[in-house]
Amino acid sequence: MAYVARETPKTTLRLDRRPGAKFADIKAAAARSLDSRRGRIVLFSTKTGRVYTLDNRGNQPGIWVRRDTDD
């Protein structure tokens, strides 16, 4: 499981990975912390350098998209 804390400013979340937590657990904790209708988040992995976004607006709300590729 991941620990989620709201930081100053209110638009910032800090997610701390607990030992044994899977990346899917981190993404689920981040998604639960957002406004379900208009929340957005960018998630950076310090271990791999990958970048993921989740936007609850638009055609595919709630879908994680990897953004660090050059596609």
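In this report, we go over the structure that sits alongside the text.

Thresholds, definitions, all that
Residues numbered from 1 in each chain as written. Predicted model: local features only at pLDDT ≥ 70, side-chain atom pairs only at ≥ 80, totals over all residues. Heavy atoms only, no water. Buried < 20%, exposed > 50% of the residue type's maximum accessible area, 1.4 Å probe, protein only. Helix = DSSP H or I, 4+ residues; strand = E, 2+ residues; numbered from the N terminus. Arc of directions from axis to C-beta. Salt bridge = Lys/Arg side-chain N within 4 Å of Asp/Glu carboxyl O. Phe/Tyr/Trp six-rings, centres within 6.5 Å; stacked < 30°, edge-to-face > 60°. Pairing = 2+ DSSP bridges. Axes fitted to C-alpha atoms, helices over the stretch in contact; angles between N-to-C directions. Contact = heavy atoms within 4.5 Å.

1. Brief notes about helix α1 (residues 23-32)
Next up, step 1: The complete set of buried residues in α1 reads Ile-26, Ala-29 and Ala-30. Axial view of α1: buried residues confined to an arc of 100 degrees, hence all on one face. Relative to its buried face, α1 has exposed residues pointing more than 90 degrees away, namely Ala-24 and Arg-32.

2. Here's the deal with the pattern of salt bridges
Side chains that carry opposite charge are capable of pairing whenever their charged atoms lie near each other.
Next up, step 1: On inspection of all chains with the given rule, the structure shows 3 salt bridges.
Next up, step 2: A salt bridge links Asp-68 to Arg-66, with the shortest nitrogen-to-oxygen separation between them at 2.7 Å.
Next up, step 3: Relative accessible area serves as the criterion here: at 38%, Arg-66 is assigned to the partly exposed category.

3. Details of the packing of aromatic side chains
Next up, step 1: Applying the stated criterion across every chain, the model contains 1 aromatic pair.
Next up, step 2: Ring centres 5.3 Å apart and planes at 50 degrees place the aromatic pair Phe-23 and Tyr-52 in the tilted group. In this pair, Phe-23 is assigned in helix α1 and Tyr-52 in strand β4 (residues 51-55), connecting sequence segments 29 residues apart.
Next up, step 3: The class of Phe-23 is partly exposed, set by a relative accessible area of 29%.
Next up, step 4: Classification of Tyr-52 by relative accessible area gives buried; the value is 12%.

4. Section: the sheet that holds strand β3 (residues 40-44)
Next up, step 1: Strand order across the open sheet formed by 3 strands is β3-β4-β5, with antiparallel pairing between neighbours. Every other strand in the sheet has two partners, leaving β3 and β5 (64-66) as the edge strands with one partner each. Strand-to-strand twist across the sheet, computed as the mean angle between neighbouring axes with direction ignored, equals 25 degrees.
Next up, step 2: Packing against the sheet, α1 makes contact with β3, β4 and β5, and its axis sits at approximately 155 degrees to β3.

Note that every value here comes from positions in space, so none of it alone points to a role or purpose.
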